[in-house]
Amino acid sequence: MEVAPSPGPSLPPAAPTPAPGRIRVGDGPATRRVLVGGVLLVTALVLVAPLLAIFVEAFKHGMAAYAASFAAPDTQYAIGLTLFTALIVVPVNVGFGIAAAWCIAKFRFPGRNLLVALVELPFSISPIIAGVAYLFVYGAQGLLGPWLGEHDIKIMFAVPAIILASLFVTAPFVARELIPLMIAQGSEEEEAAVTLGAGGWRILRLVTLPNVRFALLYGAALCNARVMGEFGAVSVVSGNIRGQTNTLPLQIELLYQDNNAVAAFAVATLLTLVALVTLVAKAIIERLDAARVKAQGKPGH
């Protein structure tokens, strides 16, 4: 008795072939010119022109005036405080992002969808609202304010508040880069490592993290850029005290309010360079990841 071969997997229907002489939307030369020209015009007006204006205004009075803008003690303190905040916030959020992505991608448990929503929550809330929420929790009249005051613990209008607010607004950056990649990669390699007797930390270090290292680097770069450029939440919780709780964005605002436009634009070039370096890092990371995917045939970032 001959057994009929089982049917193979069904293929999606082929895309309909355009009728002869029929032009798709955007194929016409006039439409193409209008679309490309419109995109280039908007890009020039919205992105390129402001960036050029920052550097033109910063160097308008020469290199000496530009360098002198960074000699002010308040500006130097703002630079140091911004770097200090980034050195704390980025590693903490890298650890949080790895842990959250591991839980969400590798396990099924009650409340998993809620955890995903909580991870994404900072993207849905205005940073200023987040700062106000911290005031209601840690402020003098907040939920924990009286207890903190009794124990002489100062959080609001001090460096700890800046770190807390920065942690909140940058919490999703690493996790949202890792979660889809870990889900796409599955857990077969981790399960194979378990059968070989590897422990959890060893699996994480030798199996999981190498597979997501480019997404991890990209998420960390985005987190760093956002920490250095955060204004809304930090402006609420810091008190904006000169030489004490001013980060770079707050210092730029104060310099501009003092009619010191040259110094304001000079300091702004630092944050602009951070953004540009982040874009370059993104392009390099994506190219390296694409090369890895092509060589190994694994899901990419």
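Reference entry: report on the structure contained in this document.

Each value, and the rule that gives it
Residues numbered from 1 in each chain as written. Predicted model: local features only at pLDDT ≥ 70, side-chain atom pairs only at ≥ 80, totals over all residues. Heavy atoms only, no water. Helix = DSSP H or I, 4+ residues; strand = E, 2+ residues; numbered from the N terminus. Buried < 20%, exposed > 50% of the residue type's maximum accessible area, 1.4 Å probe, protein only. 1 Å grid on protein atoms, 1.4 Å probe; cavity = no way out; pocket = protein on both sides within 12 Å on 5 of 7 lines; lining within 4 Å. Points joined across faces, edges and corners; volume = space filled by probe spheres on them. Core = buried A, V, L, I, M, F, W, Y, C linked by side-chain atoms within 4.5 Å. Contact = heavy atoms within 4.5 Å.

**Some thoughts on unusual backbone geometry**
Residue Asp152 is not a glycine yet carries a positive backbone phi of 55°. Its place among the elements puts Asp152 in the loop between helix 6 (145–150) and helix 7 (159–170). On the accessibility criterion, Asp152 (72% relative accessible area) is exposed. Backbone geometry places Phe157, a non-glycine residue, at a positive phi of 60°. Looking at where Phe157 falls in the secondary structure, it is placed in the loop between helix 6 and helix 7.

**Looking at empty space enclosed by the protein**
Counted according to the given criterion, the structure contains 1 cavity of 30 Å³ or more. If you trace the largest cavity, you find it lined by Thr82, Thr85, Ile162, Ser166, Val227, Glu230, Val234 and Thr247. When residues of the lining of the largest cavity are traced back to their parent elements, those giving at least two are helix 3 (73–106) and helix 7.

**Observations concerning the nonpolar core**
Val94, Ile98, Leu178, Leu216, Ile252 and Val267 are the most contacted members of the largest nonpolar core, which has 45 residues in total. Mapped by element, the contributors of at least two residues to this core are helix 1 (29–58), helix 3, helix 8 (172–185), helix 10 (200–211), helix 11 (213–229), helix 13 (248–257) and helix 14 (261–296). Counting residues per element, this core draws most heavily on helix 3, at 11 residues. Look past the residues within four positions of Val267 in its chain and what remains in contact with it is Phe70, Thr75, Leu248, Ile252 and Leu255. Counting residues in hydrophobic clusters, the runner-up holds 10 residues, among them Met156, Ala165, Val236 and Val237.

Any functional reading would require information that these geometric values do not contain.
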